[in-house]
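# Fold and geometry: a report
Next come the chains, spelled out residue by residue.
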Amino acid sequence: MSATTVKLASAAAITGATLPLEIAGLVKRFGSLTAVDGISLTLAPGECLGVLGPNGAGKSTLIRSIVGRVIPNRGTVSIFGSAAQSTAARQALGWIPQELAIYPRLTCAENLIAFGRYHGLSGSKLKEQSTWCLEWAALTDRAKTVAGELSGGMKRRLNMAVGIIHQPKVVLMDEPTVGVDPQSRNRIFEMIEALRAQGASLIYTTHYMEEAERLCDRIAIVDHGRIIAEGTYAELVRSSFGSRSQVIARVTGSPETIAAWTARHNGRIVEGAAEFTIEQSTEISTLLADAASSAIELEDLALRRPNLESVFLHLTGRELRD
Amino acid sequence: MFAILQTAFASLRRDRAALALAFILPIGFFSIFAVIFGSMHDTVPRVKVIIVDQDNSEASKSLVNALLHEDTLRVSTHPEASKAQPNPPDYTAQSAEASVKAGDVSVALIIPQGWGANPISFGQGQDQNTHKIQLLNDSSDAIAPQVVSGMLQKAAMTSLPATMAEMGQKYTEKYIGTLTPEQRKQWNDNLAYLKRLQQDRTQTSATTASASPTSSSSGSGFNGIISVQTRSVVGESQNKPMISYYAAAVGVMFLLFTASSSAGALLDEADSGTLDRVLSSRIGMTTLLAGKLTYNTLLAFTQLTAMFVFGWAVFHLDLWTHIPGFLVMGLSTAFAVAAFGMLLASLAKTRAQLGAISTLLILTMSSIGGSMFPRYLMSDAMQKAGQFTLNSWAIDGFTKVFWRDQPVTALWPQVAVLLGAGAVLFLLGRRFARRWEFS
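Below is a summary of the structure that appears in this document. (Residues numbered from 1 in each chain as written. Chains lettered and ligands numbered in written order. Predicted model: local features only at pLDDT ≥ 70, side-chain atom pairs only at ≥ 80, totals over all residues. Heavy atoms only, no water.)

Our focus in this paragraph is the packing of aromatic side chains. Aromatic ring pairs: the centre-centre distance and the angle between the two ring planes describe each pair. All names here are of chain B. Applying the stated criterion across every chain, the model contains 14 aromatic pairs over all chains. Centroid distance Phe326 to Phe398: 6.3 Å. Interplanar angle 45 degrees. Geometry classified as tilted. Taken as a pair, Phe326 in helix H12 (residues 323-347) and Phe398 in helix H15 (residues 390-402) lie far apart in primary sequence, 72 residues in all. This pair shows no difference in class: Phe326 is buried, exactly as Phe398 is. Ring pairing ties together the aromatic residues Phe301, Phe308, Phe326, Phe398 and Phe402, which thus form one cluster. (Phe/Tyr/Trp six-rings, centres within 6.5 Å; stacked < 30°, edge-to-face > 60°. Helix = DSSP H or I, 4+ residues; strand = E, 2+ residues; numbered from the N terminus. Buried < 20%, exposed > 50% of the residue type's maximum accessible area, 1.4 Å probe, protein only.)

Okay, here's the thing in structure tokens:
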């Protein structure tokens, strides 16, 4: 990984008054639909900001506005002080779209060379950068393989490599792990962590909460085109749940009895399980005693610290996957 | 069974491209062929003929006037008047031959001086010293000389009764013996009547014809009662007359298909998100389209080159002595068809739509533009309609190069139209491609 250190050294050196990314009052409408509704965000140098939200929340429109592919109705996007559509901004940005936006009939190396040229690279610099990207994506032994013949995970990694061929200082990743197996997902996490270690600033959209928890310094939860919560993982959980925990109980019994039992303890039924928020672990015994007295049979019981899923559910009343 | 039927019909109803291919394309094609070959709307093609009357005898004038009134011919005795030349002089043998060589007309008839003294010939091997009518033709048009020959025969039979009678008398006396004085008197009385009749017709025809120098007329036959000497003034040295024509004609049609298909890559890239990604780099839409236009132009030119090289190797097409003209026409044609493909791709929303639109347009353009059969077989209206197709200009240009052996400078009208059309089509394509630029 010595090559990695060299290649992204410039990204680590980003400092100064201008932030990598500043979004102010961004609004984008498509007809009567408001996809982005007044979003304001900043991204600090070297930071990884997670943008979390269900499908249709406005994440992709937000990303496309940043890369200049969507013209906002209102608001501004600036990258190191330059407007999103400027050449300077395009050079500073790397975009990894959700779709596999690669040429399926070109080899991995040819794809990298093509996109490198689109970004103005040439000669030895292009070759050097292409070699580094193949190494970063663990595709060196597949350099001459046609992209269309790669496995799903390899295509994803090539899709990512193509997005950073020009050494961008800010990388936008739009759900890069969609449709990949756990092993490939872990490999992608390693790639992202390597990129972060070199100081690149990242925006990472996902609807997988565990990815956001693992990778992001800060998380913005987006719903209906707005940021409904923003902060570190700990801040979000604390602001929603304080020191409370969650109890998830799978039980059997008459539905009416279970509903009455759940309501008595301020819980709710989520996906067939009863969920309760407790301050002290000793409250569990009270819950179980009441269930037993109501002829409710316990099948499974779990104690869980609230996570982003819980935060999202708490804030919107909906599952993240809805 | 019913469910399958219902599903299939519902799918067809919602697939506009399939609907167009299933219903509009065959009806459109049927209409085109009906107009070209059918009898509706006065679609009989008229053969353009230039007549040069060097004889100016009674017989030649009668013949010319008869031809001028023949519906299947479009006869000219002098070029069309223009502002620069309101009263153009009559064609000469040289200018008529030049017009045939240039492709302005398919046939020219030269009536030589002295022809009127002995216009009719009977039998083989006779009259070796008579002045024969010269028929100059372009051998790429196999139909026109046949039509003109037939009309010439008809005109002789109908417009020269006195001449035929007089010549009959001469031949009778030559081969049977001298007439008695009484027979001669009756013959001469009848001949005088026929001459008056022939003269009257000539005067009437001349009055009518003078109003329009380019009116219809009829022709005659090679081996009939009028001796005709035929000479191909174009393509005499070509060993396979139609090879170069069809190399260009078929080539252009397939270039159009290839260019449309190749330009369709834009739609694939838009679908996959690759186009978005490219446009988020330093590449703008104009640069992207210009790059694709260049690629498609080179692809089309390579395809055309392969076809002509194959024509040379297998059909002995004379490619190597026409390289400059081929390069000029090949690149102009390739540019125009590539731009056409770009426009279609930027108009269509899906690959299926592109396939339907391009098939419909290309087959229509090819049929009326001469890629499927020569345009001289078509009516005047269809020939004019064909001028709005890239096929006709490309084919005309290649015909000039390979058939007429014209210099590169003579290609300027075809090159100008093809390059101009290509530029306009590209600009239109650029305009429609704005839908991909931003949302």
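Counting residues at the interface gives 16 residues for chain B and 27 residues for chain A. For the pairing of chain B and chain A, the buried interface totals around 1800 Å² over both sides, and the portion due to carbon and sulfur atoms is 51%. On the chain B side of the contact with chain A, Arg277, Arg282 and Ser439 of chain B bury the most area, a combined 40% of that side's loss. On the surface where chain B and chain A come into contact, there are two salt bridges. (Contact = heavy atoms within 4.5 Å. Buried area = accessible area lost by both parts, 1.4 Å probe. Salt bridge = Lys/Arg side-chain N within 4 Å of Asp/Glu carboxyl O.)

Turning our eyes to something else, we now look at unusual backbone geometry. All names here are of chain A. Unusually for a residue other than glycine, Glu175 sits at a positive phi of about 45 degrees. Mapped onto the elements, Glu175 comes out in the loop between strand S7 (170-174) and helix H8 (182-197). Here the phi dihedral of His224 falls at roughly 50 degrees; this positive angle occurs in a residue that is not glycine. For His224, the location among the structural elements is in the loop between strand S9 (218-223) and strand S10 (226-231).

Once that is clear, we can look at the sheet that holds strand S1 (residues 21-30) of chain A. Residues and elements named next belong to chain A. Spatial ordering of the open sheet is given by S2-S1-S4-S5, a layout of four strands whose pairing is antiparallel. Edge positions in the sheet fall to strand S2 (33-43) and strand S5 (82-83), since each has one partner strand and no second. As paired elements, S1 and S2 share eight bridges and run antiparallel to each other. Looking at S2, one finds that Phe30 is bridged to Leu33. (Pairing = 2+ DSSP bridges.)

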